[in-house]
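Examining the three-dimensional arrangement
Each chain, written out:
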Amino acid sequence: MERLEADLVIIGAGVIGLAAGRAAAMKGRDVIILEAEDAIATHTSSRNSEVIHAGLYYATGSHKADFCVRGRRALYAYLDAHGVTYKNCGKLVVAHAEEAGGLGAIMARAEANGVENLELISGDAAREIEPALSPDITAAIRSPVSGIFDSHGYFLALQGELEDHGGMIAFGTPVRSGTLLEDGVELVTGGETPTVIRARTVINAAGHNAIAIAKSIEGPHTGALPVPRFVKGSYFSVLGKTPFSRLIYPMPDSASLGLHLTVDLSGRGRLGPDAEWLPEGAGPPFDYQVDPARAARFYASVRRYWPGLPDGALAPDYAGVRPKIVGEGEPSGDFTFITVDTRLINLIGMESPGLTSSLAIADHVAGLLE
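Residues numbered from 1 in each chain as written. Predicted model: local features only at pLDDT ≥ 70, side-chain atom pairs only at ≥ 80, totals over all residues. Heavy atoms only, no water.

On to the overall build of the protein chain. The helix and strand tally for the protein chain stands at eight helices and 21 strands. Taking 2.2 N^0.38 as the reference for a compact globule, 370 residues should give roughly 21 Å; the C-alpha atoms of the protein chain span a radius of gyration of 21 Å, in line with that estimate. Projecting the C-alpha coordinates of the protein chain onto the three principal axes gives extents of approximately 65 × 40 × 35 Å. Taking all 370 residues of the protein chain together, the buried fraction comes to 56%. Across the protein chain, contacts joining residues at least 24 apart in sequence account for 73% of those joining residues at least 6 apart. In the form shown here, the protein chain has an accessible surface area of approximately 14,800 Å², with 50% of it arising from carbon and sulfur atoms. Positive and negative side-chain charges in the protein chain, numbering 31 and 44 respectively, have mean positions lying 3 Å apart. (Helix = DSSP H or I, 4+ residues; strand = E, 2+ residues; numbered from the N terminus. Rg over C-alpha atoms; globule rule 2.2 N^0.38 Å. Buried < 20%, exposed > 50% of the residue type's maximum accessible area, 1.4 Å probe, protein only. Contact = heavy atoms within 4.5 Å. Areas by Shrake-Rupley, 256 points an atom, 1.4 Å probe, with all protein chains shown as cover. Lys, Arg positive; Asp, Glu negative; His and termini not counted. Charge placed at Lys NZ, Arg CZ, Asp CG, Glu CD.)

Laid out in structure tokens, this is it:
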């Protein structure tokens, strides 16, 4: 078996692994990213709504609240600087009469989180800018800083900067096990060329596999690891023209932000994700097929705010799986960092708004490295 010495090894070439690798390489670290798949960002990073989140929903003082707001500001600047396409289209969070009281709580939390330029508007005002909204919508929050973007273009820009600063990605290289050493971490990888890598620092950014990989590395951190749980979210595309120009979100629930409507950069409407809790003990690889029968719930839910959604307008599109650290019905978990000084940094529960937050998460990890 081949043996290698390394400075900084990152496990996982999703958006957070790429962003952390870029940040570390730009600070002079010698970075190797180990990726089990044969391409970057093939799971959670690319199987989502491609929304740039404002930071409305997350508990004030949490990592999610802080990193989403800081990350969103940094992301817009990054997209501008690197010529990555985006659309600052804005968002409406809409409510019926029985839900309207909840908008005030969302508004207060969002303002405490530092979200800019929010406006609480009436249902009539919401319909003035989005006439296809239901007449039963009585109030809405208008968020002008929300948007959508070309996430794949962003991933490629991160990869390019990583490599421009001497970093590299080893594809087809799954991590099998590891051991915490006094001066670093020893990893055993699989793939075509099984290798033992002795690294000064390891960042575990393996997404769905992060908890399993953390458990496979012998050390004192294993007792602090949560139970992994997963929620599958399916998306349906809207056939034909979509009569909205903004993101339309219903009131959120404990597992997701509801069956929201996005209009992508090509003008195509998309609905989702829903929230299907996978059985306890489930884990990757996941079945990403979308069950066409789930469309019935989409029609019923979406017509509460878009009554004109035609029969036969929805087609199964794609699905993603969100890594959770809480069970069904429990309050949303936070981004979690389980570390052993600067030798091992485990990034756990990196779900939404991880894409929006990725540059801020990378900055936080860079601070942990110091």
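This part is about the packing of helix H1 (residues 15-26) against helix H8 (residues 354-369). Running from N to C, H1 and H8 point in directions that differ by 45 degrees, and their axes come no closer than 8 Å. The angle between H1 and H8 places the two elements in the oblique class. Once H1 is placed against H8, the crossing between them reads as right-handed. The segment H1 lies against H8, with Val-15, Ile-16, Ala-19, Ala-20, Arg-22, Ala-23 and Ala-24 engaging Gly-354, Leu-355, Ser-358, Leu-359, Ile-361, Ala-362 and Leu-369. For the contact of H1 with H8, the class distribution of residues is 11 nonpolar, two polar and one charged. (Axes fitted to C-alpha atoms, helices over the stretch in contact; angles between N-to-C directions. Parallel < 35°, antiparallel > 145°, perpendicular 65-115°, else oblique. Left-handed = near helix turned anticlockwise from the far one by under 90°. Nonpolar A, V, L, I, M, F, W, Y, C, P; charged D, E, K, R; others polar.)

Next up on the list: empty space enclosed by the protein. Scanning all chains against the criterion turns up one cavity of 30 Å³ or more. Empty space within the largest cavity amounts to approximately 50 Å³. For the largest cavity, the full set of lining residues is Gly-207, His-208, Ala-210, Ile-211, Pro-228, Arg-229, Phe-230, Pro-323, Lys-324, Ile-348 and Gly-349. For the lining of the largest cavity, the secondary structure elements donating two or more residues are helix H6 (210-216), strand S14 (229-238) and strand S19 (314-324). Its residues assigned to classes, the lining of the largest cavity comprises six nonpolar, three polar and two charged. (1 Å grid on protein atoms, 1.4 Å probe; cavity = no way out; pocket = protein on both sides within 12 Å on 5 of 7 lines; lining within 4 Å. Points joined across faces, edges and corners; volume = space filled by probe spheres on them.)

Right, let's talk about the nonpolar core for a bit. Tyr-154, Leu-347 and Ile-361 are the most contacted members of the largest nonpolar core, which has 43 residues in total. Elements supplying a minimum of two residues to this core: strand S1 (2-11), H1, strand S2 (31-34), helix H2 (63-82), helix H5 (151-164), strand S21 (344-348) and H8. Among the elements that make up this core, the one with the highest residue count is H1 (eight residues). (Core = buried A, V, L, I, M, F, W, Y, C linked by side-chain atoms within 4.5 Å.)

In this sheet, strand S11 (residues 184-189) lies alongside strand S10 (residues 175-181) in antiparallel orientation, the contact comprising six bridges. Bridge pairing links Leu-180 to Val-185 in S11. Between S10 and S11, which follow one another and run antiparallel, lie two residues. Here S11 runs beside strand S12 (residues 195-204); their pairing, made up of five bridges, is antiparallel. Note that in S12 the partner of Glu-186 across the bridge is Arg-198. Hairpin geometry of S11 and S12 is characterised by an intervening segment of five residues between the two adjacent antiparallel strands and by a positive phi of about 95 degrees at Gly-191. (Pairing = 2+ DSSP bridges.)

Here we take up the pattern of salt bridges. For side chains bearing opposite charge, pairing can occur when the charged atoms are close. Taken as a whole, this structure holds 22 salt bridges when the rule is applied. Note that Arg-70 is salt-bridged to Asp-66, the shortest N-O span being 2.9 Å. Of this pair, Arg-70 and Asp-66 are both found in helix H2, four residues apart, which corresponds to roughly one turn of the helix. Relative accessible area serves as the criterion here: at 35%, Asp-66 is assigned to the partly exposed category. One salt bridge in this structure joins Glu-280 and Arg-229, with 3.8 Å as the shortest N-O distance. Remark: Arg-229 occurs in strand S14 and Glu-280 occurs in the loop between strand S18 (276-277) and helix H7 (295-302); sequence separation between them is 51 residues. Assessed through its relative accessible area of 67%, Glu-280 is described here as exposed. Assessed through its relative accessible area of 25%, Arg-229 is described here as partly exposed. (Salt bridge = Lys/Arg side-chain N within 4 Å of Asp/Glu carboxyl O.)

Next up on the list: the packing of aromatic side chains. Counted according to the given criterion, the structure contains 11 aromatic pairs. For the pair Phe-67 and Phe-337, a centre-to-centre distance of 6.2 Å together with 80 degrees between the ring planes defines the contact as edge-to-face. Placement of Phe-67 in helix H2 and of Phe-337 in strand S20 (residues 336-340) is noted, with a sequence separation of 270 residues between them. In terms of burial, Phe-67 and Phe-337 fall into one category: buried. (Phe/Tyr/Trp six-rings, centres within 6.5 Å; stacked < 30°, edge-to-face > 60°.)

The geometry of H2 relative to H8 is characterised by a closest axis approach of 6 Å and an angle of 100 degrees between their N-to-C directions. Relative to H8, H2 is oriented roughly perpendicular. Where H2 abuts H8, its residues His-63, Phe-67, Cys-68, Arg-70, Gly-71, Arg-72, Ala-74, Leu-75 and Tyr-78 lie against Leu-355, Thr-356, Ser-357, Leu-359, Ala-360, Ile-361 and His-364. Class assignment for the residues of the contact of H2 with H8 results in nine nonpolar, five polar and two charged.

Moving on, we come to H1. Helix length check: H1 (12 residues) gives 16 Å between terminal C-alpha atoms against 16 Å at 1.5 Å per residue, within 8%. With 11 of its 12 residues buried, H1 lies for the most part within the structure. For H1, the complete set of buried residues consists of Val-15, Ile-16, Gly-17, Leu-18, Ala-19, Ala-20, Gly-21, Arg-22, Ala-23, Ala-24 and Ala-25. At the C-terminal side of H1, Gly-28 shows a positive phi close to 100 degrees. (Expected span 1.5 Å × (residues − 1).)

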